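# Fold and contact review
Spelled out from the first residue to the last, the chains are:
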Amino acid sequence: MNRFQWDSSFSVDFNLQNGFSEKAETTKRYLSQMKEMFYDTNAAEKILEQEDPLIYEFHELGCPMREGDLAFGTTILYPGKVGEEYFMTKGHFHTILDTAEVYYTLDGEGCMIMENPEGETMEMPLKKGEALYVPRRYAHRSVNTGDTPLVMFFTFAANAGHDYGTIETKGYRKILVEKECGPVVIDNPKWS
Ligand SMILES: O=P(O)(O)OC[C@H]1O[C@H](O)[C@H](O)[C@@H](O)[C@@H]1O
Ligand SMILES: [Fe+2]
């Protein structure tokens, strides 16, 4: 749905603390929709016996997928864990692989896990007040390592597209888990 005139100028409210907007459309992802993505499937099943927690939600503006436009919005990733693994977004490659993305952390703390099709991986902290550049060709998944919502503003080429398939079937090479010393990046035991 195009509620905005993308060939004209417009402004949108985004709350600095919670990322919410009156104008944007909300999409919610619950644990039941992504339980296979966490490495400890038993821990996920156990949580789901009691409740189906909201893992994250994002707020977009229905930008047309046109070359030259910029899609933007916010993601609110809630704190929590499935077993030792922190709540995270599904993550994706862009269908047009050669397109980058910028994230600005409005609140909370976390980590961006990235990998390219050649298997090179990168992890970068998401810190309140910092912008993070996700380069072309890298799949990106954000992880909340704190105990408050991780709130991020993002923008990317409107025609980039989302490719979940590769990540959904193979998973990420690296995952972020909580150990006694704090958050640690480890090899994904489920990765194949
Ligand atoms: O697409 P997901 O991995 O579920 O993440 C949710 C959303 O958050 C990101 O910030 C992206 O820029 C959005 O395009 C994306 O759809
Ligand atoms: Fe993206």
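Rules used in this analysis
- Residues numbered from 1 in each chain as written.
- Chains lettered and ligands numbered in written order.
- Predicted model: local features only at pLDDT ≥ 70, side-chain atom pairs only at ≥ 80, totals over all residues.
- UniProt positions renumbered as here; feature names shortened; annotations may be inferred.
- Helix = DSSP H or I, 4+ residues; strand = E, 2+ residues; numbered from the N terminus.
- Near = placed C-beta within 6 Å.
- Nonpolar A, V, L, I, M, F, W, Y, C, P; charged D, E, K, R; others polar.
- Core = buried A, V, L, I, M, F, W, Y, C linked by C-beta atoms within 7 Å.
- Buried ≥ 20, exposed ≤ 12 C-beta atoms within 10 Å, placed from the backbone.

In the nomenclature of an unreviewed UniProt entry, the protein is known as glucose-6-phosphate isomerase of Lactonifactor longoviformis DSM 17459. UniProt lists a comment for the protein under the heading Catalytic activity (unreviewed entry), and it reads "alpha-D-glucose 6-phosphate = beta-D-fructose 6-phosphate". As recorded by UniProt, the Pathway (unreviewed entry) comment attached to the protein reads in full: "Carbohydrate degradation; glycolysis; D-glyceraldehyde 3-phosphate and glycerone phosphate from D-glucose: step 2/4."

The next point concerns the UniProt feature "domain: Glucose-6-phosphate isomerase prokaryote" (unreviewed entry) in the protein. Per the UniProt record, the feature "domain: Glucose-6-phosphate isomerase prokaryote" (unreviewed entry) sits at residues 33-179. What you have in residues 33-179 is 11% helix and 46% strand, and the ends, taken at the C-alpha atoms, are 26 Å apart.

Our next topic: the site of ligand 1. Every residue lining ligand 1 is accounted for by Phe58, Thr75, Thr89, Lys90, Gly91, His92, Glu101, Phe154, Phe156 and His162. Split by residue class, the shell around ligand 1 holds 3 nonpolar, 5 polar and 2 charged.

With 31 residues, the main nonpolar core has Met112, Ile113 and Leu126 as its most contacted residues. Secondary structure elements with two or more residues in this core: β2 (54-60), β3 (70-77), β7 (101-107), β8 (109-115), β10 (131-134), β11 (139-144), β12 (150-157) and β14 (174-179). For this core, the leading source of residues is β8, giving 4 residues.

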